[in-house]
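Chain by chain, the residues:
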Amino acid sequence: MIPLKNPEAIGRMREACAIAATVLARLKEQVRPGITTHDLDQIGRDLIASFGARSACHGYQLHSRRYPAYTCLSVNEEVVHGIGSLRRILRDGDIISLDVVVEYNGYIGDNAQTVPVGTIAPRTAELLKVTEEALALGIAQAVVGHRIGDISHAVQTFVESHGFGVVREMVGHGVGRAMHEEPQIPNFGRRNSGEKIKAGMTLAIEPMVNLGTHAVRTLSDGWTVVTSDGAPSAHFEHTVLTTDSGPEILTISRTS
Ligand code: MF3
Ligand code: CO
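Everything numeric in this text was worked out from a predicted model, so none of it was measured.

Caption draft 1: Spotlight on the overall build of the chain. When helices and strands are counted, the chain shows four helices and 17 strands. For the chain, the spread of C-alpha atoms along the principal axes amounts to about 45 × 45 × 35 Å. Per-residue burial for the chain yields a buried fraction of 52% across its 256 residues. Within the chain, one finds 24 positive and 28 negative side-chain charges whose respective centroids are separated by 2 Å.

Structural data, given as structure tokens:
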């Protein structure tokens, strides 16, 4: 069963998501050549605390491991769940995916964006643009009466039409009191498949797109997912509320 949110839950989701979006917007402003991903993570930690919120990533448990950082910072061939490090210094031409998940007042907001560091290669710039556009197309399918597979199909066909690879191993998800609720939202799949979309669902839609092969592997730190071919990867994510008048993006910053 996919949980449907009542008006009170939706109000709290709005608040958590607005904080997640504002933290991401401010963190993005700090991205520049020379900064370490550890410094960015500390800035993210402080920003989250400044809103009285908590990082939903810090301490998140997966297979007996706890995620050690406050934000997920994934550089170049890192797809998701990169851990900030003092040794990872951003350089001109890099890309970095910033994934911010906060809990506020019992509810969770989840969003991510990939941004360039200085000047990036044209095909990498295209990767970012196509992934962001794929997210928009996926969100446009989050319509009452459609099915989850309509989101998946829209993302996959657009991404593959540009010659990029859609990651299979990680998927979007329902979000609410828990970071991961039903349903799973793959970025690949068939039209008119999966569960029916109803009003009051809060969905984290999050295409992860690779410049080369869609295949990925996990590094020995147990978290960092990288592309198998070492080519760059991009990730854009919003938390979306389904309503009778269409999808509403909740992870929109109110202040910046
Ligand atoms: N947005 C990511 C997700 O939905 C955040 C994961 S947090 C981590 O899975 F703790 F796993 F790093
Ligand atoms: Co997510």
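Caption draft 2: Up close: the coordination of the cobalt ion (ligand 2). The cobalt ion (ligand 2) binds to the protein through D110 (OD), H173 (NE2), E206 (OE) and E237 (OE), with metal-donor distances spanning 2.1 to 2.3 Å. In this structure, the cobalt ion (ligand 2) is surrounded by six donor atoms whose angles at the metal cover 62 to 168°, and the resulting shape is irregular. Motif for the cobalt ion (ligand 2), donor spacing along one chain: D-x62-H-x32-E-x30-E. Of this pair, H173 sits in strand β9 (residues 172-174) while E237 sits in the loop between β15 (233-235) and β16 (238-243), and the two are 64 residues apart along the sequence. Overall, H173 belongs to the buried group, its relative accessible area being 4%.

Caption draft 3: Structural context of the site of ligand 1. C57, C72, D99, H173 and H180 are the nearest of the 14 residues found near ligand 1. Between ligand 1 and the protein, one listed contact pairs a nitrogen atom with a side-chain N or O atom of D99 at 2.7 Å. Note that an oxygen atom of ligand 1 is positioned 3.4 Å from one of the side-chain N or O atoms of E206. For ligand 1, whose accessible area on its own is 330 Å², the fraction buried by protein is 95%. For the shell around ligand 1, the class distribution of residues is seven nonpolar, three polar and four charged.

Caption draft 4: Region of the structure containing the sheet that holds strand β10 (residues 181-185). Here we have five strands laid out as an open sheet, ordered β10-β9-β11-β16-β17, and antiparallel in their pairing. Sheet topology places β10 and β17 (246-249) at the edges, where each strand pairs with a single neighbour. With strand direction ignored, the average angle separating the axes of adjacent strands in the sheet is 25°. Taken together, the two bridges between β9 and strand β11 (residues 202-205) define a ladder with antiparallel strand orientation. What sits directly across from H173, in β11, is A204. Across the sheet, helix α1 (residues 7-28) touches β11, β16 and β17, and the angle it forms with β16 is around 155°. Relative to the sheet, helix α4 (residues 148-161) contacts β10 and β11, its axis offset from that of β10 by approximately 35°.

Caption draft 5: Representation of the pattern of salt bridges in the model. Under the defined criterion, the tally for this structure stands at eight salt bridges. Where R88 meets E78, a salt bridge forms, and the shortest distance between an N and an O atom there is 3.1 Å. Taken together, the residues R88 in the loop between β5 (78-80) and β6 (95-104) and E78 in strand β5 connect sequence positions ten residues apart. For R88, a relative accessible area of 26% puts it in the partly exposed group. Its relative accessible area of 10% is what places E78 among the buried residues. Across the pair E126 and R123 runs a salt bridge whose closest N-O atoms are separated by 3.2 Å.

Caption draft 6: Molecular detail of the nonpolar core. Core analysis: the biggest nonpolar cluster contains 20 residues, and L27, V31, L40, L90, I96, L98 and V102 have the highest contact counts within it. The element best represented in this core is α1, accounting for five residues. When near neighbours in sequence (up to four residues on either side) are disregarded, V31 contacts L40, L90, I96, L98, V115, P116 and V117. Among the nonpolar cores identified, the runner-up in size contains 18 residues, and C57, A69, Y107 and L250 belong to it.

Caption draft 7: Structural view of helix α2 (residues 37-50). With 14 residues, α2 should reach 20 Å at 1.5 Å per residue; the first-to-last C-alpha distance of 20 Å fits that figure. Within the sequence span of α2, burial applies to T37, L40, D41, G44, L47 and I48. Viewed end-on, α2 has its buried residues packed into an arc of 120°, placing them on one side of the element. One or two steps after α2, the chain reaches G52, where phi turns positive at roughly 70°.

Caption draft 8: Representation of the packing of helix α3 (residues 122-140) against α4 in the model. For the pair α3 and α4, the least separation of the axes is 8 Å and the interaxial angle reads 155°. The angle between α3 and α4 places the two elements in the roughly antiparallel class. Of the two elements, α3 crosses α4, and the hand of that crossing is right-handed. Contact with α3, carried on its side by V130, E133, A134, L137 and G138, involves I151, A154, V155, F158 and V159 of α4 and no other residues of that element.

Parameters and conventions
Residues numbered from 1 in each chain as written. Chains lettered and ligands numbered in written order. Predicted model: local features only at pLDDT ≥ 70, side-chain atom pairs only at ≥ 80, totals over all residues. Heavy atoms only, no water. Helix = DSSP H or I, 4+ residues; strand = E, 2+ residues; numbered from the N terminus. Buried < 20%, exposed > 50% of the residue type's maximum accessible area, 1.4 Å probe, protein only. Lys, Arg positive; Asp, Glu negative; His and termini not counted. Charge placed at Lys NZ, Arg CZ, Asp CG, Glu CD. Donors = N, O, S within 2.8 Å, 3.2 Å for Na, K, Ca; no water. Tetrahedral: all angles 85-135°; square planar, octahedral: opposite > 155°, others 65-115°. Near = heavy atom within 4 Å. Polar contact = N/O pair within 3.5 Å; in protein donor to acceptor, adjacent residues only side chain to side chain. Areas by Shrake-Rupley, 256 points an atom, 1.4 Å probe, with all protein chains shown as cover. Nonpolar A, V, L, I, M, F, W, Y, C, P; charged D, E, K, R; others polar. Pairing = 2+ DSSP bridges. Axes fitted to C-alpha atoms, helices over the stretch in contact; angles between N-to-C directions. Contact = heavy atoms within 4.5 Å. Salt bridge = Lys/Arg side-chain N within 4 Å of Asp/Glu carboxyl O. Core = buried A, V, L, I, M, F, W, Y, C linked by side-chain atoms within 4.5 Å. Expected span 1.5 Å × (residues − 1). Arc of directions from axis to C-beta. Parallel < 35°, antiparallel > 145°, perpendicular 65-115°, else oblique. Left-handed = near helix turned anticlockwise from the far one by under 90°.

None of this, on its own, says anything about what the molecule does.
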